[in-house]
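The lines below spell out each chain.
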Amino acid sequence: MAIPPSPPTAAVPAASGAQPQKLQPLYVLAWFLCALFYFYQYAIRSAPGIMQHELASAWGNSHLGLMIASYYIVYALMALVVGVLLDRYGAHAILPGFIAVTGVGCLIFAQGSAVAGIGGYVIQAIGAICAFVGASYVAARYLPARTLALFVGLTQCLGMAGAAFGSKPTRMLIDPAGHWHVSWEHIWLGFGVIGLALAAAVWVIMPRDSGDSAQHHGPLSVGNVLRPFKIIFSNPQSWCAGVIGGLLFVPTTIGALGWGASMLSGGEGTTMAFAASDVSMVPIGWVIGCPLLGWISDRIGRRKPVLLGGAVVLLAASVCALYVPVGVMPRYMVALIMGIASGAAMIPFSSMKEVNPPQVKGTAAGVMNFLVFGTTGIMSPLVSALMGKGQVLSMVEYRHAFMPLIIGIVIAIGLSFFLRETGWAARRQA
């Protein structure tokens, strides 16, 4: 039975600026639907990489590099837009439309041509950015402040579960040697239908409030729209949190998930089946690490010890992945530890909201995503350029290409000492 929409009065505590002190089922369900959207958008984001052979056969040239680059550029830019929209108009007015846009992008991709594929993928990026930003906004607005890092971690946990879902099951469905023999076009058609159904569910469930505009943002004008960005970008702590988050993300997004399978199969000489299974342990590690590290941070009331500890372990695991030959360490252990430790990248997302005023929480989440994926956009072509143009690379070449990712972790650790402690224990002492 469908849960009836929340009446306007249900969101009064959040609308007045005071977060609930206890978890309320309707708000938890609203957050879960946003997190489920994040699961969904990660599944569709990772699917083209698994379909590379099928796309190349259909299009002659898969254009995967252009698709991915275009996706992240649009994704990063839209992060700035969606945060302002959430702050001004609220989750109910914004989220269902963005989810529907993502589903429509999948339906366009399903048309089959290269133009439809690239265009549909970019349209998905327009809607998909609202997944994590929206879930973070709902958690910061409707859930107790002491649980923020936990729910941000749980959101990322579902996202990484979506990455795994977009990889292994999708490969099983389209595998010519498998039992299903589902065409890639029908896979995208199914993704589109799921997106539209999720948009309808969010429209029904999400509390109906009008955002913070009446209290904090004033009439719609260029000055009022730009004011939240001025607040956030003029705060050095915002830059610190954003750069740290970005530098801790790229070892897994670019290194492990982007080039990890190629490194293992080409550089280490493993089978592609082993390489795919090993790389899949990274998002599984995220599923464990993101909520675990968030819970620890909320439990002890401090952000920086968890951030620093996770970053140091991530550095050690990344060095092992590059310099310790396959077979020396226990099977899949390095990738799993790398994924768990990189859950520390979610801590700066909580810090970003806590170092800025509460009335710009949505914009802060958008700026954080912009800085994180902007870092990805800078580092990805750098790593690709260092790869060279050879078809088969040696481990020496992979180590050379991945060195900026290792240096980035070291820089993130250094910057963490300058990030202000925002956990509840530190606020209580202040």
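That block above? That's the structure.
Quick summary incoming for the structure in this document. (Residues numbered from 1 in each chain as written. Predicted model: local features only at pLDDT ≥ 70, side-chain atom pairs only at ≥ 80, totals over all residues. Heavy atoms only, no water.)

Focus: the environment of methionine 51
Selection criterion: Runs of H or I in DSSP of at least four residues are treated as helices and runs of E of at least two as strands, each being numbered from the N terminus. Note on classification: 1.4 Å probe, protein chains only; a residue is buried when its accessible area is under 20% of the maximum for its type, exposed when over 50%, partly exposed between these limits. In this analysis, two residues are considered to be in contact whenever any of their non-hydrogen atoms come within 4.5 Å of each other.
Of note, methionine 51 is situated in the loop between helix H2 (25-50) and helix H3 (52-59). For methionine 51, a relative accessible area of 0% puts it in the buried group. In the structure, methionine 51 is positioned 377 residues away from arginine 428 in sequence and 51 Å away in space, judged by C-alpha atoms. If near-sequence neighbours (up to four positions away) are discounted, methionine 51 is found in contact with Thr170, Ile174, Trp184, Ile187 and Trp188.

A look at helix H5 (residues 91-109)
Put simply, the rule is: Working rule for helices: expected span equals 1.5 Å times residues minus one.
For H5, with 19 residues, the first-to-last C-alpha span of 27 Å sits near the 27 Å given by 1.5 Å per residue. Listed in full, the buried residues belonging to H5 are Ala91, His92, Ile94, Leu95, Pro96, Phe98, Ile99, Thr102, Gly103, Gly105, Cys106 and Phe109.

Remarks on the pattern of salt bridges
Pairing is possible between side chains that carry opposite charge, provided their charged atoms lie close to one another. What counts is decided by this rule: Between Lys or Arg on one side and Asp or Glu on the other, a salt bridge is scored when a side-chain nitrogen of the former is within 4 Å of a carboxyl oxygen of the latter.
Within the structure shown, the criterion is met by two salt bridges. Between arginine 303 and aspartate 298 there is a salt bridge whose closest N-O contact spans 3.0 Å. The class of aspartate 298 is buried, set by a relative accessible area of 9%. Across the pair arginine 303 and glutamate 354 runs a salt bridge whose closest N-O atoms are separated by 2.5 Å.

Here's the deal with the packing of aromatic side chains
The test is simple: Note on ring pairs: Phe, Tyr and Trp rings are taken, using the six-membered ring of Trp, and paired if centres are within 6.5 Å. Classes follow the plane angle, with under 30 degrees stacked, over 60 edge-to-face and the rest tilted.
Per the stated rule, a full pass over the model turns up 22 aromatic pairs. Look at tryptophan 59 and tryptophan 184: their rings are 6.0 Å apart centre to centre, the planes differ by 90 degrees, and that puts the pair in the edge-to-face class. Pair noted here: tryptophan 59 is in helix H3 and tryptophan 184 is in helix H8 (residues 184-205), with a separation of 125 residues, a long-range link. Of the residues examined, tryptophan 59 reaches a relative accessible area of 13% and is grouped as buried. Between phenylalanine 229 and phenylalanine 233 the ring centres are 6.4 Å apart and the planes differ by 25 degrees, which places this aromatic pair in the stacked class. Residue phenylalanine 229 and its partner phenylalanine 233 are located together in helix H10 (residues 222-233), separated by four residues, close to a single helical turn. For phenylalanine 229, a relative accessible area of 14% puts it in the buried group.

Details of the layout of surface pockets
The condition is simple: Space inside and on the surface of the protein is sampled on a 1 Å grid over the protein atoms alone, with a cavity defined as a set of points where a 1.4 Å probe fits but cannot get out and a pocket as an open set with protein on both sides within 12 Å along at least 5 of 7 lines; lining residues have an atom within 4 Å of a point. Grid points are joined across faces, edges and corners, and a volume is the space filled by probe spheres set on the points. Three residue categories are used. Nonpolar comprises Ala, Val, Leu, Ile, Met, Phe, Trp, Tyr, Cys and Pro, charged comprises Asp, Glu, Lys and Arg, and polar comprises the others, including Gly.
Its boundaries defined by the atoms lining it, the second largest pocket holds a volume of some 470 Å³. As for the second largest pocket, its lining consists of 30 residues, of which Met263, Leu264, Asp278, Ala321 and Val334 are closest to the centre. Put simply, the parts of the chain that give the lining of the second largest pocket at least two residues each are helix H11 (236-267), helix H12 (272-300), helix H13 (304-323), helix H14 (333-341) and helix H17 (395-416). Ranked by residues supplied to the lining of the second largest pocket, first place goes to H11 with six residues. Residues of the lining of the second largest pocket, tallied by class, amount to 23 nonpolar, four polar and three charged.

Focus on the nonpolar core
Keep this limit in mind: The nonpolar core is taken to be a set of buried Ala, Val, Leu, Ile, Met, Phe, Trp, Tyr and Cys residues, with the residues joined through side-chain atoms within 4.5 Å.
In this structure, Leu95, Val138, Trp188, Phe191, Met206 and Leu248 are the most contacted members of the largest nonpolar core, which totals 110 residues. Setting aside its immediate chain neighbours within four residues, leucine 248 contacts Leu307, Ala311, Leu314, Ser342, Ala344, Ala345, Ile409 and Ala412. Within the second largest apolar cluster, 17 residues are counted, among which are Leu264, Val279, Tyr398 and Phe402.

Thoughts on the packing of H2 against H3
Filter applied, for reference: Inter-axis angles, ranging from 0 to 180 degrees, are taken between N-to-C directions of lines fitted to C-alpha atoms, where helices are fitted over the stretch in contact. Put simply, angles under 35 degrees are roughly parallel, angles over 145 are roughly antiparallel, angles from 65 to 115 are roughly perpendicular, and the rest are oblique.
The N-to-C vectors of H2 and H3 enclose an angle of 65 degrees; their axes lie 5 Å apart at closest approach. Classified by the interaxial angle, the pair formed by H2 and H3 is roughly perpendicular. Seen from H2, the contacting residues are Pro48, Gly49 and Ile50; seen from H3, they are Gln52, Glu54 and Leu55. Residues that form the contact of H2 with H3 fall into these classes: three nonpolar, two polar and one charged.

Some remarks on the packing of helix H6 (residues 114-142) against helix H16 (residues 361-387)
Each packed pair of helices is defined by two parameters, the angle between the axes and the distance between the axes. Rule in force here: Two helices that cross are described as forming a left-handed crossing if the nearer one is turned anticlockwise from the farther one by less than a right angle, and a right-handed crossing if clockwise.
Where H6 meets H16, the axes come as close as 9 Å, and the angle between the chain directions of the two elements is 140 degrees. The handedness of the crossing between H6 and H16 is right-handed. Here H6 contributes Ile129, Phe132, Val133, Ser136, Tyr137, Ala140 and Arg141 to the contact with H16, which in turn contributes Lys361, Gly362, Ala365, Gly366 and Asn369. When its residues are assigned to classes, the contact of H6 with H16 shows six nonpolar, four polar and two charged.

Comments concerning H11
To keep things clear, this is the line we draw: Bend is the name given here to the angle between axes fitted to two runs of seven residues, the run ending at a residue and the run starting at it. Identification of polar contacts relies on pairs of N or O atoms within 3.5 Å, with a donor-acceptor requirement for protein atoms, meaning one able to donate a hydrogen and the other able to accept it, and with residues adjacent in sequence counted only if both atoms are side-chain atoms.
Here H11 spans only 41 Å end to end across 32 residues, well under the 46 Å set by a 1.5 Å rise per residue. A maximum bend of about 65 degrees is found in H11 at tryptophan 259. The distance from a side-chain oxygen at the start of H11 to the backbone nitrogen of glutamine 237 is 3.0 Å, and the residue carrying that oxygen is asparagine 235. Among the residues trailing H11, glycine 269 stands out with phi positive, at a value near 75 degrees.

Here we look at the side chain of histidine 92
Summarising the element assignment, histidine 92 is placed in helix H5. Overall, the relative accessible area of 13% leaves histidine 92 in the buried class. Within the structure, histidine 92 has its side chain in polar contact with the backbone oxygen of tryptophan 203 (distance 2.9 Å). Of the polar contacts made by the side chain of histidine 92, one reaches the side chain of arginine 208; its length is 3.3 Å. Beyond its immediate stretch of four places on either side in the chain, histidine 92 contacts Val202, Trp203, Met206, Pro207 and Arg208.

Focus: the state of the cysteines
The test is simple: Two cysteine sulfurs form what is called a disulfide whenever their separation falls within 2.5 Å.
Per the counting criterion, the structure on display carries zero disulfides. No disulfide involves cysteine 130; its nearest neighbouring cysteine sulfur is the one of cysteine 34, lying 7.7 Å away. No disulfide involves cysteine 157; its nearest neighbouring cysteine sulfur is the one of cysteine 290, lying 7.0 Å away. Taking relative accessible area as the criterion, cysteine 157 reaches 12% and is therefore assigned buried.

These results come straight from atomic positions and should not be treated as a statement about function.
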